[in-house]
Amino acid sequence: MFAPFPKPDVGERVSVSVWVEAGRSGRLLSYDASGVEPLQAGDLVRVKLRGQLHTGIVSAEAADVPEGVALSPVLERLETAAVDPLWQQMLEAVAQRCHTSSFQVLKTALPNGWLGHRRQSGGHGRSVLVAERLQPPPPGAPPTKRQQALLDHLEAHGPKPVTQLVEQGFGRALLKTLASKQWIALTPTLLKDEAALVGSQVELQEEPPELSAQQQQALQQWQQQPEIRQWLLWGVTGSGKTEVYLRCCQQVLEQGQSVLLLTPEIGLVPQLLQRCRQRFGDRVISFHSGLSDGERIKAWRRCRQGGANVVVGTRSAIFLPMPQLGLIVLDEEHDSSYKQESPMPCYHARDVARIRMELEGARLLFGSATPSLENWLLSQQDNAAMGLLELRDRIAARPLPPVHVVDMRQELASGHRRLLSRPLLDRLMQLPERQEQAVVLVPRRGYSTFLSCRSCGEVVMCPHCDVSLTVHRNSRGDSWLRCHWCDHRQEISDRCGHCGSTAFKPFGAGTQRVMDTLEQELEGVRLLRFDRDTTRGRDGHQRLLQQFAAGEADVLVGTQMLAKGMDLPSVTLAAVLAADGQLHRPDVRAAEESLQLMLQLAGRAGRGERPGEVLVQTYSPDHRVIRHLIDGRYGRFLEEEASVRQGAGLVPYSRACILRLAGPAASLTASTATTIAEAIGPQLQAAGWLVIGPAPAARSKVAGLSRWQLLLQGPANSDLPLPPETELRKLLPRGVHLAIDPDPLEL
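Residues numbered from 1 in each chain as written. Predicted model: local features only at pLDDT ≥ 70, side-chain atom pairs only at ≥ 80, totals over all residues. Heavy atoms only, no water.

> Mind laying out the overall build of the protein, listing which residues take part and the relevant values?
Scanning the protein from N- to C-terminus turns up 22 helices and 30 strands. Pairs at least 24 apart in sequence give 75% of the contacts found in the protein among residues at least 6 apart. With the model as given, the accessible surface of the protein reaches about 33900 Å², and the carbon-plus-sulfur share is 48%. (Helix = DSSP H or I, 4+ residues; strand = E, 2+ residues; numbered from the N terminus. Contact = heavy atoms within 4.5 Å. Areas by Shrake-Rupley, 256 points an atom, 1.4 Å probe, with all protein chains shown as cover.)

This is how it looks when you write it as structure tokens:
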């Protein structure tokens, strides 16, 4: 993607390709670079597009322009090598792994607005005149006393913007005189907003707490074995993994290097950001989708300047350019949010982190109470591919909460047909008196899972997607139907559109319905709802969590977001309302992800002074996931799951890739999938890969587009034996889209 251009002959037109941020995804356009100094890939240039000034980045794809075609000129070069060579190599490696173009990865890696004509929103800093002393001064008359004072100032402090010198009392006439005598140089320079924090002296903003024996042992292992580049920190919930992260960060900062500390959900950023800023102060930078474009650009630019900083961010922060990157931490490394499914590139932050480890020498620290099977297997190998650090006990020897299973079959047999079991209702009723709090996990948001006709069984479906519509209800009691995939909304009809019956009934329970049920059943218990509908907007997650932490509610009802890493010391009860929906998903990773979710939720209870407990409602109390949840031995489950997957030849003992196609008509999309399968079949077969399909996707229609897919399966750790993406796209008819998803999490 990034390579130097050949030098042209004198008088020859130099055509270059420049990426400008125009339209939804940017455009690669050809410009005439004959009128500026020789350019190289990665340079920032000023160009015009439709009469407006844009900042663009020079691509390595030299423009192939027919003779006689007029090109607009490159107006000026703003910055040389704005894209660091190592960063370029990282983008190319990600492109190769994700089977897409480096250009596509570049668009993903750059924050919105970094290129473009909206310079005021952040851009690259402002161009200012900088004065620099020339060494040695040319011969001639000696400087005056005032001139010498300015020369001495520049000698002592280095190059300075003219505006700062004027503010310090050095007049513009004085500066111009010295420039005319060639004693100083006045150069237009791109001024950065904030200087990067450099140096090895890390002034801690708080006194770190005393480490437990297990924390101390884990830290010593990490410090004493620098030859091991990646580590798995396996610590039970509440064992103090974050403090180990901070101690590792401190060591890296003292070496003058920077740290990337990633968390899977934007809702977890404020808590982690607060911990880091309390420890490291202004060295901490935040980067996530909740920031404005200008704020993201400012953070991106500060990272690019280098220095010993700590970046706290979500998945997209893995692409930040950090010249002295020393450590990458992935907290809750098992979480599926680290994988991007669309749009392309379909990357996993874990894979990009390993690429950066190889290219930049950074160390990796993966942390979790429920490690992914893939990382756990690496930590069990004899060749020390990944070191293992363990925190087996909670801080202050607090016990892990016991798990109690409520068999909903017995509840039903005894005549209790309500949504909430009697043991759960009894326990929730005690919360206000005990001054305790609880978190209740609900499978999905909304009021009811779907609306069905009791006469003919017809389910109300989204007209644009192959999914049922979810019932939503507001505080006034108004109800409507909504699609969680395309956001289609419609009123609830009083008659079935299939048979005309009025016997409509909502089935299933979402967060809204649970809230209504709790309000009816639990008088005096204060409730708060925590899902995507209630946490919209800036700081929505933080606002609700602060309310709950301040004691403004007794019960927090939410979706899977509840289980992700939140520290709520007053919570003594964690409840899973309907475990069966998670247990019986038709997916390779269903058991692993279900146990991870419920163990993580269990970890929210009993983190303070009072012990906690867990209640799980299920119709499948004998399921192996429930069995392992009760005994709490996650390692035993991983051994069992590894044996099951190995026997069936499933990931990670094989490698998978999904080709997803979407088009306006099912027949056209299906025939295109068949064409691609026939085209790639021989090449895959020769490499020992299988082509399974084509078949309709699990959700065969979304937003009016029919979706089909091809599942490719081959040897573990092998390269994808696919033709280049450009060749595959040549097989697509108009209106049909293709996405290549290597190593998908949902199969």
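> Which residues make up the sheet that holds strand β14 (residues 363-368), and what values go with them?
Strands in a sheet are paired, the pairing made by backbone hydrogen bonds, and the direction either parallel or antiparallel. Overall, parallel pairing links the seven strands, which are arranged β11-β12-β10-β13-β14-β9-β15 in an open sheet. At either end of the open sheet lies a strand with only one pairing partner, and these are β11 (284-287) and β15 (387-391). When strand polarity is set aside, the average angle formed by the axes of neighbouring strands in this sheet is 20°. Across the sheet, helix α6 (residues 213-224) lies against β9 (230-235), β13 (325-331), β14 and β15, angled at about 165° from β15, the strand it touches most. (Pairing = 2+ DSSP bridges. Axes fitted to C-alpha atoms, helices over the stretch in contact; angles between N-to-C directions.)

> I'd like a rundown of the sheet that holds strand β3 (residues 44-49), residues and numbers included.
The sheet built from five strands is open, its strands ordered β2-β1-β4-β3-β5 with antiparallel pairing. Unpaired on one side and paired on the other, β2 (27-32) and β5 (76-79) mark the two borders of the sheet. Going from strand to strand, the sheet's axes swing by 50° on average, the running direction of each strand aside. Strand direction decides the pairing type here: strand β1 (residues 15-20) and β2, joined by six bridges, are antiparallel. Among the inter-strand pairings, Val-16 is bridged to a residue of β2, identified as Tyr-31. Lying on the sheet, helix α2 (residues 102-109) is in contact with β1, β2 and β4 (52-58); it crosses β1 at an angle near 40°.

> Just give me the short version of the pattern of salt bridges, but keep the residues and values in it.
With the rule as written, the count across this model stands at 31 salt bridges. For Arg-77, the salt bridge goes to Asp-43, with nearest N and O atoms at 3.6 Å. Highlighted residues: Arg-77 in strand β5 and Asp-43 in the loop between β2 and β3, separated in sequence by 34 residues. In this structure, Arg-589 engages Glu-374 in a salt bridge whose closest nitrogen and oxygen atoms are separated by 3.2 Å. Taken together, the residues Arg-589 in the loop between α17 (580-583) and α18 (590-602) and Glu-374 in helix α11 (residues 373-379) connect sequence positions 215 residues apart. (Salt bridge = Lys/Arg side-chain N within 4 Å of Asp/Glu carboxyl O.)

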